[in-house]
Amino acid sequence: MNAQTQEKKTYDPLPDGEYVVALNRVTEKQTKAGNGSYIDTSFTVTEGESAKRLLFHTFLINHPSEKAQSIGREQLDKFLKSVGVNGGFESLGNDSMALEALVGKELLVNIAIEANPGYKDRNKIKKFIRR
């Protein structure tokens, strides 16, 4: 079978609900405008019919918009608390590399389907929950 005859797998968004996931990747990146940075993460669903599916989330940690930065850091702190790190990102010395030590940690997330104008709908993590 060659690449032309293989069908590309398509993944519809997972239904709204709670899923057990494990952090599987964390990378700090610069914003496209170069005026900030964010932490790009992916999570693997570890249980149920959707096991091995990936969910993605971005935490904006440095940005000229104080409100946008505040929201991103608040989300990051909630994620950290859900995996047992109290004190938030500041307790890690604001070091995104310290987050790599959390790869494999399991938690519960609540997700919803989000419209993505111009593209297919996608999943959005709405809440991070301690397991």
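From a predicted model like this one, the values you see are computed outputs, not experimental measurements.

Let's shift gears to the overall build of the chain. Secondary structure summary: the chain contains 1 helix and 5 strands in total. The secondary structure elements of the chain, listed N-terminal to C-terminal, are β-β-β-α-β-β. Expressed as lengths along the three principal axes of its C-alpha atoms, the size of the chain is roughly 50 × 35 × 25 Å. When burial is assessed residue by residue, the chain has 34% of its 131 residues classed as buried. Put simply, of all contacts in the chain between residues at least 6 apart along the chain, 45% involve residues at least 24 apart. Entry remark: accessible area of the chain is about 8600 Å², with carbon and sulfur atoms responsible for 48%.

A separate point is unusual backbone geometry. Phi at Lys52 is positive, roughly 80°, even though this residue is not glycine. Mapped onto the fold, Lys52 is located in the loop between β2 (37–45) and β3 (54–62).

Time to look at the side chain of Thr44. Its location among the elements puts Thr44 in strand β2. When near neighbours in sequence (up to four residues on either side) are disregarded, Thr44 contacts Val20, Val21, Ala22, Asn24, Lys52, Arg53 and Leu54.

Attention now moves to the sheet that holds β3. Across the sheet, 5 strands lie side by side as β3-β2-β1-β4-β5; this open sheet has antiparallel pairing. Edge positions in the sheet fall to β3 and β5 (122–129), since each has one partner strand and no second. Averaged over all pairs of adjacent strands, the angle between their axes in this sheet comes to 45°, without regard to strand direction. For strand β4 (residues 106–114) and β5, the ladder comprises 7 bridges, and the chain directions are antiparallel. Among the inter-strand pairings, Ala112 is bridged to a residue of β5, identified as Lys124. Helix α1 (residues 66–82) rests against β1 (17–30), β2, β3, β4 and β5 of the sheet, and its axis sits at about 125° to β3.

Right, let's get into the side chain of Asp40. Within the fold, Asp40 resides in strand β2. At 3.4 Å, the side chain of Asp40 and the side chain of Arg25 are in polar contact. Non-local contacts of Asp40, meaning those with residues more than four positions away in its chain, are made with Arg25, Val26, Thr27, Lys29, His57 and Thr58.

Now for α1. The end-to-end C-alpha distance of α1 is 24 Å, a good match for the 24 Å that 17 residues give at a rise of 1.5 Å each. Every buried residue belonging to α1 is among Gly72, Arg73, Leu76, Phe79, Leu80 and Ser82, and all of these are buried. Tucked into the core, α1 has its buried residues touching β1, β2, β3, β4 and β5. Backbone geometry just downstream of α1 places Gly84 in the positive-phi region, at approximately 90°.

Grouped together as the largest cluster of nonpolar side chains are 24 residues, with contacts concentrated most on Phe43, Leu55, Leu76, Phe79 and Val109. Those elements giving two or more residues to this core turn out to be β1, β2, β3, α1, β4 and β5. The biggest single contributor to this core is β1, with 4 residues. For Leu55, the residues in contact, after removing those within four places along its chain, are Leu14, Val21, Thr41, Ser42, Phe43, Val45, Val109, Ile111, Asn123 and Ile125.

Definitions and limits used
- Residues numbered from 1 in each chain as written.
- Predicted model: local features only at pLDDT ≥ 70, side-chain atom pairs only at ≥ 80, totals over all residues.
- Heavy atoms only, no water.
- Helix = DSSP H or I, 4+ residues; strand = E, 2+ residues; numbered from the N terminus.
- Buried < 20%, exposed > 50% of the residue type's maximum accessible area, 1.4 Å probe, protein only.
- Contact = heavy atoms within 4.5 Å.
- Areas by Shrake-Rupley, 256 points an atom, 1.4 Å probe, with all protein chains shown as cover.
- Pairing = 2+ DSSP bridges.
- Axes fitted to C-alpha atoms, helices over the stretch in contact; angles between N-to-C directions.
- Polar contact = N/O pair within 3.5 Å; in protein donor to acceptor, adjacent residues only side chain to side chain.
- Expected span 1.5 Å × (residues − 1).
- Core = buried A, V, L, I, M, F, W, Y, C linked by side-chain atoms within 4.5 Å.

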